[in-house]
Amino acid sequence: MAWRVLTIVATLGALGAFGAAQAEPRLALVIGNSAYQAVTELPNPANDAKAMAELLSSAGFEVTTAPDLGQAEMRKAVGDFAAKVASKGPDAVSLVFYAGHGLQVDGENFLVPVDARIAREADVPLQTVRLADVMNALAAVPSRTRIVILDACRNNPFSEINKVVGRGLAIVDAPAGSIVSYSTAPGSEAEDGEGSNSPYTRALLSVAKEPGVPIEQAFKRVRYAVHQETSGRQTPWESSSLTADFTFFPGVATSPPAVPPVVAATDTRAKGGTTAATGTKVAVATTGGRVSLRTVESWRTELKPLRQPDAYERVIAEDTVEAYQAYLQLFSATPYQTRVRDIVERRKVMIAWYTAVTVNTTASYELFLAQHPGSDLMLTAQRLLSRAGNRQIAIATPVAVAPVCPPVPAPVVQPTRRKAEKTEKPSKKTPKRTAIRDSGPSPPPPSAGPPPAAIGIGIGIGIGSMIRRPPSSGPSHVSPGGHSHGPSGQTGPSGGGMRSGYGLR
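What you see is a predicted model; the values in this text were computed from it and never measured.

Participant: It is not clear to me how the overall build of the protein should be interpreted in this structure. Could you clarify?
Facilitator: Assigned secondary structure in the protein consists of 15 helices and eleven strands. Working note: accessible area of the protein is about 27700 Å², and carbon and sulfur atoms make up 58% of it.

Shown next as structure tokens:
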């Protein structure tokens, strides 16, 4: 009887958790491009999209399926989906799954519609859809969580541009509240697979079904599963800036996480706002890679007591350069060390490439070419170096401007030099006082004409003979209470100062 009560309580608890999870509107756009018109068809994207649509529907998503889209159809589908997410309010969860071809050109990622006909590199941005446009459309809509899953790093089928673009996709940083998952690491190619689904989608379908697994832990398990299945040829990767927890299915996980949660010892909260007690590290990738909360030495301490297979699984799931470097310092057995070394070397190239195209100057491209002269991105770097040089030359070249009459400068009035030291000292002698009779209002200014004869005779001569003036080299003019405001202390005719202003961008 007791076990029946416990079963009922557990069932009610699970239903309550499921109901709480479903309180957030969940919407998904699933695109699978298989029927390419100008190149060989891909067999699995259609199957992958169909299987993901079924999984997401069972996880409470309102799914919009969009198979085999041309460029105009893809753009419209993304726009309509963003509008639908906006109508659900800020608590919505939006997810975009794309399976098909993807390319990187000049450090930017592009999703390839089925009607794309690419004969030269310049055709890529004209006939494809920028991944940045998809991300911006989602980021512009207030929503709780944004998830983008790309099974799009298959081999480049457009032979005409194979030599001038890099392999796979370039690094991208997820906007705040988002996570972007690649089916393989940046700069690498994914396999379409020999079964009905690609290795990446097959692993994701399996892991996501387990209840209570946070999405980042799910992607770590997918990474290790795909890496093992492909003998190290394919290692999925993600960039995360999530600010809220998300699980495909609510509940309590029945198996331990691929790796323990990694939280800095001095931090009480993980990046992105999730507490360390939840066991989820929320925000990771920025600046072309994950924000590492641990040093190489810290990883050495943790990996040293482990057996090599366990340490290998740990670093693959975590997927940070620091963890890989610590592993290489501790273990040397093949084939694991060879796989890890290849991952580290390629990751360094892609991080350097991310930095070069982000800075986008001649110096940044020169540095990349000096560090990685033989990489598959060399030709692209040389072209962007030339472009950056031309841009700087254009900025530095003076532009001819029609002559403009300069403004007439205001006359500069030289200040009158006075012997202030002598005049300001108190005199011991009592100055003579002269009584002056008030003869009426003050005389008019000099410009009004000569003074009346009576004033000139009766007052002017008397004052001139009784008041001593210090010698002066010029006229003196000081306005009452006047102050100097100019940079050199010069005072203009009206006692006002001179100011100068500078506008800076």
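So that's the structure; there's more coming.
Participant: Before we go on, may I ask you to explain helix 8 (residues 296–303) in this structure?
Facilitator: The periodicity of an α-helix, 3.6 residues per turn, causes residues three or four places apart in sequence to face the same way. Within helix 8, burial applies to V296, W299 and L303. Down the axis of helix 8, the buried side of the element spans an arc of 60°, and every buried residue falls inside it. The outward face of helix 8, more than 90 degrees from its buried face, is lined by the exposed residues E297 and T301. Buried residues in helix 8 make contact with helix 9 (308–318) and helix 10 (321–330).

Participant: What is the right way to look at the sheet that holds strand 7 (residues 145–151) in this model?
Facilitator: Hydrogen bonds along the backbone pair up the strands of a sheet, which may run parallel or antiparallel. Taken in spatial order, the six strands of this open sheet run 2-1-3-7-8-9, and their pairing is mixed. What marks the edges here is a single partner per strand, and that holds for strand 2 (62–67) and strand 9 (237–240). Across this sheet, the average inter-strand angle for adjacent strands is 10°, counted without regard to direction. Here strand 1 (residues 26–32) pairs with strand 3 (residues 93–99) via seven bridges, running parallel. Along strand 3, the bridge assignment pairs L27 with S94. Relative to strand 1, helix 3 (residues 71–87) is tilted by about 175°, and along the sheet it contacts strand 1, strand 2 and strand 3. Contacting strand 3, strand 7 and strand 8 (178–182), helix 6 (residues 199–208) runs over the sheet at an angle of about 140° to strand 7.

Participant: Is there a simple way to explain the environment of S198 in this structure?
Facilitator: One can find S198 in the loop between strand 8 and helix 6. Residue classification places S198 among the buried residues on the basis of a relative accessible area of 0%. Considered as a pair, S198 and V226 are 28 residues apart in the sequence and their alpha carbons are 9.7 Å apart. The contact partners of S198, leaving out residues within four places of it in the chain, are N44, D48, D151, R154, E191 and D192. Among the polar contacts made by the side chain of S198, one reaches the main-chain amide nitrogen of T201 at a distance of 3.2 Å.

Participant: Could you clarify how one ought to interpret the packing of helix 2 (residues 44–58) against helix 6 in this entry?
Facilitator: Any two packed helices are characterised by how steeply their axes cross, that is the angle between the axes, and by the distance between the axes. Two numbers describe how helix 2 lies on helix 6: the axes approach to 10 Å, and their chain directions differ by 10°. Between helix 2 and helix 6, the angle falls in the class roughly parallel. Where helix 2 approaches helix 6, its residues D48, A51, M52 and L55 are matched on the opposing element by T201, L204, L205 and A208. Of the residues belonging to the contact of helix 2 with helix 6, the class tally is six nonpolar, one polar and one charged.

Participant: Would you mind showing me how to read the packing of aromatic side chains here?
Facilitator: Two aromatic rings are characterised by how far apart their centres lie and by the angle between their planes. Within the structure shown, the criterion is met by eight aromatic pairs. Pairing F246 with F248 gives two aromatic rings, centres 5.3 Å apart and planes at 80°, and the pair type is edge-to-face. Residue classification places F246 among the buried residues on the basis of a relative accessible area of 4%. With a centroid separation of 6.1 Å and 55° between ring planes, the pair formed by Y312 and Y327 is classed as tilted. In this pair, Y312 sits in helix 9 while Y327 sits in helix 10, placing the two residues 15 residues apart along the sequence. We note that Y312, like Y327, is buried. Pairwise contacts between aromatic rings join Y312, Y327, F331 and Y336 into one cluster.

Participant: Any chance you could explain the packing of helix 10 against helix 11 (residues 336–359) here in plain terms?
Facilitator: Where helix 10 meets helix 11, the axes come as close as 10 Å, and the angle between the chain directions of the two elements is 145°. Taken as a pair, helix 10 and helix 11 cross one another with a handedness that is left-handed. In this structure, helix 10 uses V321, Y324, Q325, Y327 and L328 to contact helix 11, whose residues at the interface are Y336, Q337, V340, R341, I343, V344, R347, K348 and I351. Here the residues of the contact of helix 10 with helix 11 sort into nine nonpolar, two polar and three charged.

Cut-offs and rules
- Residues numbered from 1 in each chain as written.
- Predicted model: local features only at pLDDT ≥ 70, side-chain atom pairs only at ≥ 80, totals over all residues.
- Heavy atoms only, no water.
- Helix = DSSP H or I, 4+ residues; strand = E, 2+ residues; numbered from the N terminus.
- Areas by Shrake-Rupley, 256 points an atom, 1.4 Å probe, with all protein chains shown as cover.
- Buried < 20%, exposed > 50% of the residue type's maximum accessible area, 1.4 Å probe, protein only.
- Arc of directions from axis to C-beta.
- Contact = heavy atoms within 4.5 Å.
- Pairing = 2+ DSSP bridges.
- Axes fitted to C-alpha atoms, helices over the stretch in contact; angles between N-to-C directions.
- Polar contact = N/O pair within 3.5 Å; in protein donor to acceptor, adjacent residues only side chain to side chain.
- Parallel < 35°, antiparallel > 145°, perpendicular 65-115°, else oblique.
- Nonpolar A, V, L, I, M, F, W, Y, C, P; charged D, E, K, R; others polar.
- Phe/Tyr/Trp six-rings, centres within 6.5 Å; stacked < 30°, edge-to-face > 60°.
- Left-handed = near helix turned anticlockwise from the far one by under 90°.

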